[in-house]
Amino acid sequence: MKLIVGNQKSYLDENQIESFLEKIDYIYGDKVIICPSSIYFNKFRDKNILLGSQNVSKYDSGATTGELSSEQLKSVGIDFSLVGHSERRQMLGESISDTNTKIKKLLNNLIVPILCVGETEIERDNENTKAVIAKQLDGALTTLDTDLAEKVIIAYEPVWAIGTGKIPTNSEIEDIVNYIKDLLKRNYNSSNLVLYGGSVNTKNIDELNKIDVVDGYLIGGASTKIDEFIEIINRCK
Ligand code: PGA
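What this report covers is the structure whose coordinates are included nearby. Residue indices follow the written sequence of each chain, beginning from 1 at its first position. Reporting of local features is limited, given that this is a predicted model, to residues whose pLDDT is at least 70; pairs of side-chain atoms are given and counted only at 80 or more, and all residues count toward the totals for whole chains, interfaces and linings. Just so you know, side-chain values use all the structure's heavy atoms and leave hydrogens and water out.

## Points about the sheet that holds strand S5 (residues 112–117)
- We call two strands paired when DSSP finds no fewer than two bridges between them. In DSSP terms, a helix is any run of H or I states spanning at least four residues, a strand is any run of E spanning at least two, and both are numbered starting from the N terminus. Spatially, S1-S2-S3-S4-S5-S6-S7-S8 is the arrangement adopted by the eight strands of the closed barrel, whose pairing is parallel. Taking the axes of each pair of neighbouring strands and ignoring which way they run, one obtains an average angle of 25° across the sheet.
- Two strands pair when backbone bridges link them, and strand S1 (residues 3–7) and strand S2 (residues 32–35) are joined in this way by four bridges, in the parallel orientation. Paired with valine 5 across the strands is isoleucine 33, a residue of S2. Only the contacting stretch of a helix is used when fitting its axis, a line to C-alpha atoms as for every element, and angles between N-to-C directions run 0 to 180 degrees.

Below, the structure is given as structure tokens:
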């Protein structure tokens with residue numbers, strides 16, 4: 001089965017989370033990770049589901065108001081964390097060097113980083129996609145040894161495909177995912193899982209599933225609607 005990661009962003013209020021949780025037991029499989037808003041971690045904790053954080057602090061625990069440290073995340077049962085999501089890079093100033101710091105802190109605390117990389121529409125139009133991705137990957141993984149680099153899951157998320165309903169063709173996705181895998185093999189001697197993310201939904205999942213080299217999906221909007229999310233998971237078996 002493909003690995004499915006749900007990124008619920010800050011979409012759901014408490015009532016909506018309660019309705020989501022009512023049906024969560026219908027999610028089968030040990031390859032589903034949900035990244036809810038962190039204020040709901042406790043509600044998910046006794047459910048039989050892997051949990052991820054949408055972000056992590058680049059600082060250790062301490063005097064950093066509003067932050068969530070990797071030590072704190074680990075202590076509440078979080079096993080995964082997104083790093084470098086394009087919304088955080090573009091709106092919240094997360095830099096490439098921040099992604100490197102965060103990845104190291106997560107790995108130190110035995111949390112698996114899920115590093116998001118991808119090009120904007122302008123970068124795509126200028127045929128800079130591969131150069132942008134290489135820079136994001138090299139910056140995020142710099143100075144990591146093979147055994148640590150290999151633990152990082154990569155999510156290829158073209159920025160122009162996130163929340164827009166637009167997605168690349170299968171051959172474009174395959175080309176970029178192969179590029180990422182080759183680059184990591186060459187630079188780190190590392191074989192990484194690579195996911196695709198950006199407007200994945202019930203309408204395009206069967207087509208996307210034809211791309212063998214993609215190891216799974218990072219799903220935003222569709223992971224907030226429990227029926228749609230379950231249907232996507234079931235079609236990925
Ligand atoms: P989307 O978001 O599925 O709503 O396009 C994906 C993401 O931001 O990870």
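## A short note on the packing of aromatic side chains
- Only rings of Phe, Tyr and Trp enter the pairing, Trp through its six-membered ring, and a pair is recorded when the two centres are within 6.5 Å. The plane angle decides the type: under 30 degrees is stacked, over 60 is edge-to-face, the rest tilted. Tallied over the full model, the rule gives two aromatic pairs.
- An angle of 50° between the planes, with centres 6.3 Å apart, marks the rings of phenylalanine 20 and phenylalanine 44 as tilted. Of this pair, phenylalanine 20 sits in helix H1 (residues 14–22) while phenylalanine 44 is found in helix H2 (residues 41–45), placing the two residues 24 residues apart along the sequence. The residues phenylalanine 20 and phenylalanine 44 share a single accessibility class, namely buried.
- Note on tyrosine 156 and tyrosine 196: the rings are 6.3 Å apart at their centroids and 65° apart in plane angle, and the pair reads as edge-to-face. Here tyrosine 156, found in strand S6 (residues 153–156), pairs with tyrosine 196, found in strand S7 (residues 194–197); they are 40 residues apart in sequence, far enough to count as distant. Exposure is judged per residue with a 1.4 Å probe applied to protein chains only, and the accessible area is read against the type maximum: over 50% gives exposed, under 20% gives buried, and values in between give partly exposed.

## Observations regarding the pattern of salt bridges
- Note on definitions: salt bridges are taken to be side-chain nitrogens of Lys or Arg within 4 Å of carboxyl oxygens of Asp or Glu. Tallied over the entire structure, the rule returns 16 salt bridges.
- Between lysine 58 and aspartate 98 there is a salt bridge whose closest N-O contact spans 2.9 Å. Taken together, the residues lysine 58 in the loop between strand S3 (50–53) and helix H3 (70–75) and aspartate 98 in helix H5 (residues 96–108) connect sequence positions 40 residues apart.
- By relative accessible area, which is 10% here, aspartate 98 ends up buried.
- For the salt bridge of glutamate 121 with lysine 166, the shortest nitrogen-to-oxygen distance reads 3.5 Å. Taken together, the residues glutamate 121 in helix H6 (residues 121–125) and lysine 166 in the loop between S6 and helix H9 (170–188) connect sequence positions 45 residues apart.
- Each of Glu14, Glu18 and Lys43 takes part in one network of salt bridges that share partners.

## Details of the site of the ligand
- The environment of the ligand is made up of 13 residues, and the closest members are Lys9, His85, Glu157, Gly163 and Ser199.
- In protein, a polar contact means a hydrogen-donor-capable atom and an acceptor-capable atom, both N or O and within 3.5 Å, with residues adjacent in sequence counting only if both atoms are side-chain atoms; elsewhere, any N or O pair within 3.5 Å suffices. In this structure, an oxygen atom belonging to the ligand sits 2.7 Å away from a main-chain N or O atom of glycine 163.
- A distance of 2.7 Å separates an oxygen atom of the ligand from a polar backbone atom of serine 199.
- What sets the accessible areas is the Shrake-Rupley method with a 1.4 Å probe; for residues, cover comes only from the shown protein chains. The fraction of the free accessible surface of the ligand (280 Å²) that becomes covered by protein chains is 96%.
- Looking at side-chain class alone, the shell around the ligand contains four nonpolar, seven polar and two charged residues. Distances are taken per atom, and a residue is near a molecule or strand as soon as one of its heavy atoms is within 4 Å of it. Residues are grouped as follows: nonpolar covers Ala, Val, Leu, Ile, Met, Phe, Trp, Tyr, Cys and Pro; charged covers Asp, Glu, Lys and Arg; every other residue, Gly included, is treated as polar.

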